[in-house]
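# Reading the structure
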Amino acid sequence: MKRSVPLALLLLSLLVAVTALAGEKAAAADREALVRELQRTEAKFLESIKGLSEAQWNFKPAEDRWSIAECAEHIAATEPLIRSMTAAALSKELTPEMLAEARKDEAVLTGVTDRSKKFKAPEPVVPTNRFGSPSAAVESFTKERAETIKLATGEIELRRNGDKHFLFGPLDGYGWFLFESAHTERHTLQIEEVKADPNFPKM
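Residues numbered from 1 in each chain as written. Predicted model: local features only at pLDDT ≥ 70, side-chain atom pairs only at ≥ 80, totals over all residues. Heavy atoms only, no water.

### Notes on the packing of helix 3 (residues 68–90) against helix 6 (residues 134–152)
- Contact geometry of helix 3 with helix 6 gives a least axis separation of 8 Å together with a crossing angle of 15°. For the element pair helix 3 / helix 6, the angle class is roughly parallel. You can see that helix 3 and helix 6 cross each other, and the crossing is left-handed. Residues Ile75, Ala76, Glu79, Pro80, Arg83, Ala87 and Leu90 of helix 3 pack against Ala137, Ser140, Phe141, Glu144, Arg145, Glu147, Thr148 and Leu151 of helix 6.
- Of the residues assigned to the contact of helix 3 with helix 6, the class counts are eight nonpolar, two polar and five charged. (Axes fitted to C-alpha atoms, helices over the stretch in contact; angles between N-to-C directions. Helix = DSSP H or I, 4+ residues; strand = E, 2+ residues; numbered from the N terminus. Parallel < 35°, antiparallel > 145°, perpendicular 65-115°, else oblique. Left-handed = near helix turned anticlockwise from the far one by under 90°. Contact = heavy atoms within 4.5 Å. Nonpolar A, V, L, I, M, F, W, Y, C, P; charged D, E, K, R; others polar.)

As structure tokens, then:
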């Protein structure tokens, strides 16, 4: 004689399956959105430096301001540094206390791209002409951004893993990737500021 499965147990199993499926769909949607964001800021940066002359590339609006060459170098040099920090954060699971305040997508995007707030670049990524040419800087950046996207599409749970960020406190993995993307956009905006200078070379 077959035993019937209790209705409560059947409903519980169904609920668990539906919840798991919803979680998988949400994680997949997050990854797709993240890749689009990383690709968007990559394209925006590359477009901002397209077709520049040597004079335009090296023009400095003032002695204490960066040229486009220095902005581009900083973007390229910082990409692997931020990615390594992100990878380290992703190796940790957020505690329940951190998880409660770790989702800060909008705060990261708006905070990092706010050019009214100035930050001093860490010594390892201060421009030193390490790439030697615009093409070498671009090549380095595109290669490193591809590695960043590869990491973002891995199997680690972006919303449950993360760590304390030096600017934003508890931050989930998704937020760490947004920080990297927003950093690129911040300095792309800086490039546009240089190009808008009245003394910027015409060619």
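### Focus: the packing of aromatic side chains
- All told, the structure shown has three aromatic pairs when counted by the stated rule.
- Ring centres 5.8 Å apart and planes at 80° place the aromatic pair Phe59 and Phe200 in the edge-to-face group. Residue Phe59 is found in the loop between helix 2 (54–58) and helix 3, and its partner Phe200 is found in the segment after helix 7 (173–195); the two are separated by 141 residues along the sequence. Like Phe200, Phe59 is buried.
- Both rings, one in Phe166 and one in Phe179, keep their centres 5.6 Å apart while their planes meet at 90°; by these two values the pair is edge-to-face. Of this pair, Phe166 sits in the loop between strand 1 (162–165) and strand 2 (169–172) while Phe179 is found in helix 7, placing the two residues 13 residues apart along the sequence.
- Cation over ring: Arg159 sits above Tyr174, and NZ or CZ is 4.1 Å from the ring centre. (Phe/Tyr/Trp six-rings, centres within 6.5 Å; stacked < 30°, edge-to-face > 60°. Buried < 20%, exposed > 50% of the residue type's maximum accessible area, 1.4 Å probe, protein only. Lys NZ or Arg CZ within 6 Å of the ring centre and 35° of its normal.)

### Description of the pattern of salt bridges
- A full pass over the atoms with the stated rule returns 13 salt bridges.
- The shortest N-O distance in the salt bridge between Glu37 and Arg40 comes to 3.1 Å. Here Arg40 and Glu37 lie together in helix 1 (residues 7–48), a separation of three residues that amounts to about one turn.
- Across the pair Arg159 and Asp105 runs a salt bridge, and its minimum N-O distance is 2.8 Å. Residue Arg159 is located in the loop between helix 6 and strand 1, and its partner Asp105 is located in helix 5 (residues 105–112); the two are separated by 54 residues in the primary sequence. Note on accessibility: Arg159 and Asp105 belong to one class, buried.
- Connected through shared salt-bridge partners, Asp30, Asp105, Arg159 and Asp172 make up one network. (Salt bridge = Lys/Arg side-chain N within 4 Å of Asp/Glu carboxyl O.)

### Looking at helix 3
- For helix 3, with 23 residues, the first-to-last C-alpha span of 32 Å sits near the 33 Å given by 1.5 Å per residue.
- The largest bend in helix 3 comes to about 30°, at Thr78, with the proline Pro80 one to four residues further on. (Expected span 1.5 Å × (residues − 1). Bend = angle between axes of the 7 residues up to and from the residue.)

### Side note on the confidence of the model for the protein
- Summary statistics for the protein give a mean pLDDT of 91 and a share of 87% for residues scoring 70 or more.
- Within the model, pLDDT remains below 50 along residues 14–23, and this stretch shows zero contacts once partners closer than five positions in the same chain are excluded. (pLDDT = per-residue confidence, 0-100.)

### Section: the pairing of strand 1
- One ladder, built from four bridges, connects strand 1 with strand 2; its direction is antiparallel. In the sheet register, Asp163 faces strand 2, and the bridge partner there is Leu171.
- Count of turn residues in the strand 1/strand 2 antiparallel hairpin: three residues. (Pairing = 2+ DSSP bridges.)

### Quick look at the environment of Ala88
- Secondary-structure assignment places Ala88 in helix 3.
- On the basis of relative accessible area, Ala88 is assigned to the partly exposed category, the value being 40%.
- Between the C-alpha atoms of Ala88 and Asp163, which are 75 residues apart in sequence, the distance is 8.4 Å.

### Quick word on the nonpolar core
- Formed by 19 residues in total, the largest nonpolar core has its most connected members in Leu34, Val108, Val112, Leu158, Phe168, Phe177 and Phe179.
- Contributions of two or more residues to this core are made by helix 1, helix 3, helix 5, helix 6 and helix 7.
- A per-element tally of this core places helix 7 first, with six residues.
- Not counting residues within four places of it along the chain, the set of residues in contact with Val112 comprises Ala107, Phe168, Phe179, Ala182, His183 and Arg186.
- Counting residues in each nonpolar core, the second largest holds 15 residues, with Ile49, Ile75, Ile191 and Val194 among its members. (Core = buried A, V, L, I, M, F, W, Y, C linked by side-chain atoms within 4.5 Å.)

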